[in-house]
Amino acid sequence: MDIACSISKSLAKRVVVAKVDGQLWDVQRPLESSGSLELLDFESDEAKQVYWRSSAFILGEACEQHFGGYLCETGTQQDGFFYDIAMPETRTSGVSQTDFAPLEALANRAIQAKQPFERLVATKEDLLRMFAHNKYKTRLIDEQVSEGDSAVVYRCGSVIDISSGPNVPHTGSITAFAVLKNSASYFLGNSSNDSLQRVYGISFPDKKKLAEHQELLEAAARRDHRRIGREQELFFFNQLSPGSAFFLPHGARIYNTLISFIRGKYWEHGFEEVVTPNMFNTELWKQSGHWQKYQDVMFKLDVDKEQFALKPMNCPGHCLMFGMRDRSYRELPLRFADFGVLHRNEASGALSGLTRVRRFQQDDAHIFCMHDQVKGEIQGALDFLRDVYSTFGFTFALELSTRPDKFLGEVSVWDQAERQLAEALDEFGVAWKMNPGDGAFYGPKIDITIRDALGRAFQCATIQLDFQLPERFQLQVRAPTTADDGEFQRPVIIHRAILGSVERMIAILTENFAGKWPLWLSPRQVMVVPVTGAVCEYAERVRQQLHTAGFYVDVDVGADTLNKKIRNAELAQYNFICVVGAREKDEGSVNVRSRDDADTKAKGQTVSIDAFIGKLGALKNKQMLA
């Protein structure tokens, strides 16, 4: 902090955290040696996480004072932070919106007090004594701190919590604070553990940013896919199958259109679609290495006295397909695509509309290739990604996540793969960032973040190299006769998805378009409105012609007035409204009003049915956004 003050007072006021030799560092913590120094303000993603981690302390203190009970887990998210609390037995109800104002008042009192964050190092024995009154913290200590080891804790006001830090200097560094929402949760995310209450918050270094964020949340609420899905009768949920969406006819139209869209791209990019079983013996997951990590979220079944499970991912099944016979290097690259149904037993408290479900499908694909083919396949995957995301109007950002501290395989293989990924990204022509040490233990990856119409970020696509599954399944290909390393070689697997979960992508698209679907994706493309009952038969003939041509079309022969029918169709977000009267009947024409063309809303354009069908077909094939 002294260095920041020596540069300028404004910098000292803005700085959130330091970075010493690439390691985040409390700005009040003395430097222990000479080295490189960066001072990060809130505009840095790393500093945001520090700012929100510190804000979570304030939220925890407010929850403890307001509710009593026990503080459990805390964390930061992409936009804000949360704290889980076990309510006292004396309180019979959970958290509600009436608690938000008192919590904010307590938080602002702590902010005004400028309570310092004090960094302490304590042994496991001392930590267990310190938190002896809180069974949740003692369990976390037992699981996270080894015997004889120490851990970092921070003290701020009345709260002491396990945290590796760093944190802001004091609570006064937090300028604008708000409680956003609450939900139920389970300790450690496991439904067999105690039920907790989770409180979410957000904070910013100035009140203007908080106001802008709250406006964004209000805009997002108006676009909430759950509300639009209900209003447009796209999908619903039922407690008889929690976490599994029921897609109604109009929702199924969107679902199937997305899958058909990706299928078309598969044809262009040389993928072969496969169909694999939904249920496997758990020995498969043990062989793949997924059992240790995923068994708690897998739906298990006993079949013929053996344990089976519904698949949570497709890659092990694709490995079985690849290994079903001897293969030659000439067959590679081999690109398997699979829309198979996947199941993950997500905690009930984590389920959220279409964004977090238990039953879903992915545009999942696995590319089996030789090491020298990696760069070309990555370039193809990036082109595929741009092709799809540009159709939806999404912008995206790319990061290359490299070898972590704990990894499997040879360093030379990792270095070669990372070099090929970096070269592919350079040649792709889109700016990208390096994310050192954040790759998976089995291979480097490219992380893709998209932004929607509100500027919100989502990670849907993945491009992930995998050196380990080919080893675990002993996959091999007959090598060229000139190969130096023997008769057979191991392929590399590239895990690749663009939409990710189709369910989650429909949620994102619903909110991105605010329910105003572009024609090619729309479940309601045309509404035919007869002016009088005398032309209802003609209106039905128009509907049938459009239906035969492949469009989703309805006809309104109800008792409402003409203007009311038109307004109803506009509210239902039909792309086109065709008004037909005696003149249109005589001419074999329709009077067309376009949802996205204001000039035609007051008075439509009259065209022949054939001309209208031709125009619709051209617009649909172009997959335009408007």
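Residues numbered from 1 in each chain as written. Predicted model: local features only at pLDDT ≥ 70, side-chain atom pairs only at ≥ 80, totals over all residues. Heavy atoms only, no water.

Chemist: Any chance you could break down empty space enclosed by the protein for me, citing the residues and the numbers?
Modeler: To find leftover empty space, one rolls a probe the size of a water molecule over the atoms. For the coordinates displayed, the defined rule picks out one cavity of 30 Å³ or more. Estimated volume of the largest cavity: approximately 50 Å³. Around the largest cavity, the lining is made up of ten residues, and of these Glu 570, Ile 577, Arg 593, Ser 594 and Arg 595 lie nearest the centre. If you list the elements that add at least two residues to the lining of the largest cavity, you get helix H18 (562-571), strand E29 (576-580) and strand E30 (589-594). Considered class by class, the residues forming the lining of the largest cavity number four nonpolar, two polar and four charged. (1 Å grid on protein atoms, 1.4 Å probe; cavity = no way out; pocket = protein on both sides within 12 Å on 5 of 7 lines; lining within 4 Å. Points joined across faces, edges and corners; volume = space filled by probe spheres on them. Helix = DSSP H or I, 4+ residues; strand = E, 2+ residues; numbered from the N terminus. Nonpolar A, V, L, I, M, F, W, Y, C, P; charged D, E, K, R; others polar.)

Chemist: Go over the packing of aromatic side chains with me, naming the residues and quoting the values.
Modeler: Tallying each qualifying case throughout the model produces 31 aromatic pairs. Seen in terms of ring centroids, Tyr 136 and Phe 187 are 5.1 Å apart; in terms of plane orientation they differ by 70°. Their pairing is edge-to-face. Here Tyr 136 is found in helix H6 (residues 135-144), whereas its partner Phe 187 is found in the loop between strand E9 (176-186) and strand E10 (195-204), with 51 residues between them in sequence. Each member of the pair, Tyr 136 as well as Phe 187, is classed as buried. Ring plane angle 70° and centroid distance 5.7 Å describe the contact between Phe 336 and Phe 368, whose orientation is recorded as edge-to-face. With Phe 336 in strand E17 (residues 334-338) and Phe 368 in strand E19 (residues 359-369), this residue pair connects regions lying 32 residues apart in the sequence. Each member of the pair, Phe 336 as well as Phe 368, is classed as buried. The rings of Phe 261, Tyr 389, Phe 392, Phe 394, Phe 396, Phe 428 and Trp 520 are connected pair by pair, giving a single aromatic cluster. (Phe/Tyr/Trp six-rings, centres within 6.5 Å; stacked < 30°, edge-to-face > 60°. Buried < 20%, exposed > 50% of the residue type's maximum accessible area, 1.4 Å probe, protein only.)

Chemist: Describe the sheet that holds strand E14 (residues 279-281), and please don't skip the residues or the numbers.
Modeler: Strand pairing in a sheet relies on backbone hydrogen bonds. The paired strands run either parallel or antiparallel. Ordered in space as E14-E16-E15, the three strands form an open sheet in which the pairing is antiparallel. The outermost strands of the open sheet, each flanked by one partner alone, are E14 and strand E15 (300-303). With direction set aside, neighbouring strand axes in the sheet form an average angle of 35°. Pairing of E15 with strand E16 (residues 306-310), which is carried by four bridges, proceeds in the antiparallel orientation. Residue pairing in the sheet places Val 303 in a bridge with Glu 306 of E16. (Pairing = 2+ DSSP bridges. Axes fitted to C-alpha atoms, helices over the stretch in contact; angles between N-to-C directions.)

Chemist: Mind laying out the environment of Asp 556, listing which residues take part and the relevant values?
Modeler: With respect to the element layout, Asp 556 can be found in the loop between strand E28 (553-555) and H18. Here Asp 556 falls in the buried class, since its relative accessible area comes to 16%. For the pair formed by Asp 556 and Asp 415, sequence separation is 141 residues and the distance between their alpha carbons is 64 Å. Not counting chain neighbours up to four residues away, the residues in contact with Asp 556 comprise Met 527, Val 528, Pro 530 and Lys 565. (Contact = heavy atoms within 4.5 Å.)

Chemist: Explain the pattern of salt bridges to me, using residue names and the numbers behind them.
Modeler: All told, the structure shown has 37 salt bridges when counted by the stated rule. A salt bridge links Arg 155 to Glu 118; the nearest nitrogen and oxygen atoms lie 3.4 Å apart. With a gap of 37 residues between them, Arg 155 in strand E7 (residues 150-156) and Glu 118 in strand E6 (residues 118-123) connect regions that are remote in the sequence. According to the relative accessible area criterion, Arg 155 is partly exposed, its value standing at 32%. The class for Glu 118 is partly exposed, based on a relative accessible area of 34%. (Salt bridge = Lys/Arg side-chain N within 4 Å of Asp/Glu carboxyl O.)

Chemist: Break down the packing of helix H13 (residues 374-392) against helix H14 (residues 411-428) for me, citing the residues and quoting the values.
Modeler: At a minimum axis distance of 9 Å, the contact between H13 and H14 shows a crossing angle of 40°. The angle between H13 and H14 falls in the class oblique. The two elements H13 and H14 cross, and the hand of that crossing is right-handed. Two secondary-structure elements touch here, H13 through Val 374, Lys 375, Ile 378, Gln 379, Leu 382, Asp 383 and Arg 386 and H14 through Gln 420, Leu 421, Glu 423, Ala 424, Leu 425, Glu 427 and Phe 428. Within the contact of H13 with H14, the residues separate by chemical class into seven nonpolar, two polar and five charged. (Parallel < 35°, antiparallel > 145°, perpendicular 65-115°, else oblique. Left-handed = near helix turned anticlockwise from the far one by under 90°.)

Chemist: Report on the packing of helix H9 (residues 249-269) against helix H16 (residues 502-513), specifying residues and quantitative values.
Modeler: Relative orientation and spacing of two packed helices are given, respectively, by the angle between their axes and the distance between those axes. Between H9 and H16, the least distance of the axes is 11 Å, while the angle of their chain directions is 110°. Relative to H16, the element H9 lies roughly perpendicular. In this structure, H9 crosses over H16, and the sense of that crossing is right-handed. Contacts from Ile 254, Tyr 255 and Leu 258 of H9 reach H16 at Val 502, Glu 503, Ile 506 and Leu 509.

Chemist: Help me get a handle on the sheet that holds strand E4 (residues 70-77), residues and values and all.
Modeler: Taken in spatial order, the four strands of this open sheet run E4-E5-E10-E9, and their pairing is antiparallel. With one partner strand each, in any of the chains shown, E4 and E9 form the two edges of the open sheet. The mean inter-strand angle of the sheet, taken between neighbouring strand axes irrespective of direction, is 20°. In this structure, strand E5 (residues 80-86) lies alongside E10, joined through five bridges in antiparallel fashion. Across the sheet, residue Phe 81 finds its bridge partner in E10, namely Gly 201. In the packing of helix H4 (residues 100-112) onto the sheet, contacts are made with E9 and E10, and the angle to E9 comes to roughly 125°.

Chemist: If you had to explain H9 to someone new, which residues and values would you point to?
Modeler: Along its 21 residues, H9 runs 30 Å from first to last C-alpha, staying within 8% of the 30 Å computed at 1.5 Å per residue. Here H9 has its buried residues at His 250, Gly 251, Ile 254, Tyr 255, Thr 257, Leu 258, Ile 259, Phe 261, Ile 262, Lys 265 and Tyr 266. Within two residues after H9, Gly 270 carries a phi angle of roughly 80°, on the positive side. (Expected span 1.5 Å × (residues − 1).)

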